[in-house]
Amino acid sequence: MSEIKTPWNPSRKAIARVTNPLPVPTECPHCGECCGIVNNSEIYGREYGEWPWAVLCSGCRAYVGLHPFTGIPLGTLATEPIRKARSAAKDEFNKLWQRGAMTRSAAYAWLAGALGIANVNECHIGWFDVAQCDAVIAAVKQKVSQ
């Protein structure tokens, strides 16, 4: 019988699926306080999801979830304004590929070019700040209106 998976005992297969792993931050880039892996009930008041783990800042409470069955952050720590901006950018970005005009991979390649990101593997909305998210929305709106 296999051991229960946790961020400290992750799945090797799940880790292998993450193409651009970020390290778990120990210091918040927003306020400088300590960060650590927590059960997401510390964020939401109750546990959510099949993989209820996140990284949480003890100061400003910025957070980011973890890739399922790993200890790898899904993106960078995000404050509430950054989370809202990322959500809006993702909603707009999804319009590009969910309509079937291009694949998700092709949409990310286009977005990287539109934003001047040389390496498409570094084009992740979960890594973006508010200004970059605003640029995503503007670029997609311009593309969709053509």
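Quick look at the structure, then. Please read these numbers as outputs of a predicted model, since none were measured by experiment.

## A look at the overall build of the protein
For the protein, the count of helices and strands is 5 helices and 3 strands. Ordering the α and β elements of the protein from the N terminus gives α-β-α-β-β-α-α-α. Dimensions of the protein, computed from C-alpha atoms along their principal axes, come out at roughly 50 × 40 × 30 Å. Put simply, the protein has 146 residues, and 34% of those count as buried. Once local pairs closer than 6 in sequence are excluded, the contacts in the protein between residues at least 24 apart make up 46%. As displayed, the protein offers around 8700 Å² of accessible surface, 53% of which is attributable to carbon and sulfur atoms. Between the mean site of the 15 positive side-chain charges and the mean site of the 12 negative ones, the protein shows a separation of 9 Å.

## Some details on the layout of surface pockets
Its boundaries defined by the atoms lining it, the largest pocket holds a volume of some 900 Å³. Lining the largest pocket are 35 residues, with His67, Leu74, Gly75, Lys90 and Gly126 positioned closest to its centre. Elements supplying a minimum of two residues to the lining of the largest pocket: strand E2 (53-57), strand E3 (63-65), helix H3 (80-98) and helix H4 (104-115). Broken down by element, the residue count for the lining of the largest pocket peaks at 4 residues, all from H3.

## Notes on the pairing of E2
Of all 5 residues in E2, 5 are buried, a share of seventy percent or more. Side-chain alternation along E2 places Trp53, Val55 and Cys57 on one buried face and Ala54 and Leu56 on a second face that is also buried. Pairing geometry for E2 and E3, over 3 bridges, is antiparallel. Across the sheet, the residue bridging to leucine 56 is tyrosine 63, located in E3. The turn joining E2 and E3, which pair antiparallel and follow one another in sequence, is formed by 5 residues; a positive phi near 65 degrees is taken by arginine 61.

## A few points about helix H5 (residues 130-145)
Counted at 1.5 Å a residue, the expected span for H5 with its 16 residues is 22 Å, and the 23 Å between its end C-alpha atoms agrees. Along H5, the residues that are buried comprise Cys133, Val136, Ile137, Ala139 and Val140. Where H5 begins, the capping side chain belongs to aspartate 129, and its oxygen is found 3.2 Å from the backbone nitrogen of alanine 131.

## Looking at the pattern of salt bridges
A full pass over the atoms with the stated rule returns 2 salt bridges. The shortest N-O distance in the salt bridge between glutamate 80 and lysine 84 comes to 3.2 Å. Of this pair, glutamate 80 and lysine 84 both sit in helix H3, separated by 4 residues, roughly a single helical turn. Relative accessible area serves as the criterion here: at 45%, glutamate 80 is assigned to the partly exposed category. In this structure, the salt-bridge partner of lysine 95 is glutamate 92, at a minimum N-O distance of 3.2 Å. Within this pair, lysine 95 and its partner glutamate 92 are both found in helix H3, separated by 3 residues, close to a single helical turn. Overall, the relative accessible area of 12% leaves glutamate 92 in the buried class.

Rules used throughout
Chains are numbered independently. Their residues run from 1 in the order of the written sequence. Totals for whole chains, interfaces and linings use every residue, but because this is a predicted model, local features are given only for residues with pLDDT of at least 70 and side-chain atom pairs only at 80 or more, for both listing and counting. Neither water nor hydrogens contribute to the side-chain values; these are computed over all heavy atoms in the structure. In this text, helices come from DSSP runs of H or I with a minimum length of four residues, and strands from runs of E with a minimum of two, each type numbered from the N-terminal end. Accessible area is worked out with a 1.4 Å probe on protein chains only. A residue is then buried under 20% of its type maximum, exposed over 50%, and partly exposed in between. Contacts are residue-level and defined by heavy atoms, with any inter-residue pair within 4.5 Å sufficient. Each accessible area value is a Shrake-Rupley result obtained with a 1.4 Å probe; residue values ignore everything except the protein chains displayed when judging cover. By the counting rule applied here, Lys and Arg register as positive and Asp and Glu as negative, while His and the ends of each chain are not counted. In plain terms, the charge of a residue is placed at NZ if it is Lys, CZ if Arg, CG if Asp and CD if Glu. Think of a 1 Å grid over just the protein atoms. A cavity is a set of points where a 1.4 Å probe fits yet cannot get out, a pocket is an open set with protein on both sides within 12 Å along at least five of seven lines, and lining residues have an atom within 4 Å of a point. Grid points are joined across faces, edges and corners, and a volume is the space filled by probe spheres set on the points. Here, any two strands with at least 2 DSSP bridges between them count as paired. For a helix, the expected span equals 1.5 Å multiplied by the number of residues minus one. Definition of a polar contact: a pair of N or O atoms within 3.5 Å, with one able to donate and the other able to accept a hydrogen when the atoms are protein atoms, and with sequence-neighbouring residues admitted only if both atoms are side-chain atoms. Salt bridge, as used here: a side-chain nitrogen of Lys or Arg that lies within 4 Å of a carboxyl oxygen of Asp or Glu.

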